[in-house]
Amino acid sequence: MCCFLLLGCNLDNTKNENLSDLESLQLKTSFFDLNEKNLDLSVYKEGKIVVSYWATWCAPCIKEMPGIKRAEEILEEYGYTFLLVSDETVSKISEFKNEWNFDFNFLKSSKSFETLGVYAMPTSYIFDENGQIIETIVGAIEWDSEEMINKLKML
């Protein structure tokens, strides 16, 4: 069962009304790739971005990953980029990646999920080309289901 909520990302835009949700997220935390290099999310602003918060110990997160990979491949021509973000250490994320042999854009958040307002895993935010949140998904879903693929194509 999937749960769709149209909520904000607990992002505070009161300081600058012109910031997109994605820019506000970037201001709230830094993202690092597995080489510990800082990543500016604006490099992905040409398309839609799915930011999925997960953890190495989260069974539902791991269970949905093969479906995320298939959805990522199907939706590439629709301009989607999937980013899997953990607040665990880079070494823990890298260890997980090697053990499970997943090929994702794994990132590390410099802030804890609680600080970012993420209280359940997996939690995913879908940003449009303008950096605005257009969908919030709390809990594991079948990303590669026909229904979900069609929904994402229409967003």
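All figures in this text were calculated on a predicted structure; none of them were measured in a lab. (Residues numbered from 1 in each chain as written. Predicted model: local features only at pLDDT ≥ 70, side-chain atom pairs only at ≥ 80, totals over all residues. Heavy atoms only, no water.)

Re the state of the cysteines
Working step 1: The full count for this structure, using the stated rule, is one disulfide.
Working step 2: The disulfide bridge from cysteine 58 ends at cysteine 61, spanning 2.3 Å between sulfur atoms. On the sign convention where negative is left-handed, the bridge of cysteine 58 and cysteine 61, at about 75° about the S-S bond, is right-handed.
Working step 3: On the basis of relative accessibility, which here comes to 1%, the residue cysteine 61 falls in the buried class. (Disulfide = S-S within 2.5 Å. Buried < 20%, exposed > 50% of the residue type's maximum accessible area, 1.4 Å probe, protein only.)

As for the pairing of strand E4 (residues 48-53)
Working step 1: Burial within E4 is extensive, with six of its six residues counted as buried.
Working step 2: In E4, alternate side chains face the same way, and those of Lys48, Val50 and Ser52 on one face and Ile49, Val51 and Tyr53 on the other are all buried.
Working step 3: Where E4 and strand E5 (residues 80-86) come together, six bridges link them in parallel fashion. Pairing of isoleucine 49 across the sheet is with threonine 81, part of E5.
Working step 4: In terms of handedness, the path from E4 via helix H2 (residues 59-75) over to E5 forms a crossover that is right-handed.
Working step 5: For E4 and strand E7 (residues 123-127), the ladder comprises five bridges, and the chain directions are antiparallel. When the bridges of E7 are listed, isoleucine 49 appears paired with phenylalanine 127. (Helix = DSSP H or I, 4+ residues; strand = E, 2+ residues; numbered from the N terminus. Pairing = 2+ DSSP bridges. Right-handed = clockwise from strand over helix to strand, strands pointing away.)

Section: the packing of H2 against helix H5 (residues 146-154)
Working step 1: Orientation of H2 relative to H5, taken along the N-to-C sense of each, is 40°, at an axis distance of 11 Å. As judged from the angle between their axes, H2 and H5 are oblique. Pair H2 / H5 crosses with right-handed handedness. Residue-level inspection shows Ala71, Ile74 and Leu75 of H2 in contact with H5, the latter providing Ile149, Leu152 and Lys153. (Axes fitted to C-alpha atoms, helices over the stretch in contact; angles between N-to-C directions. Parallel < 35°, antiparallel > 145°, perpendicular 65-115°, else oblique. Left-handed = near helix turned anticlockwise from the far one by under 90°. Contact = heavy atoms within 4.5 Å.)

None of this, on its own, says anything about what the molecule does.
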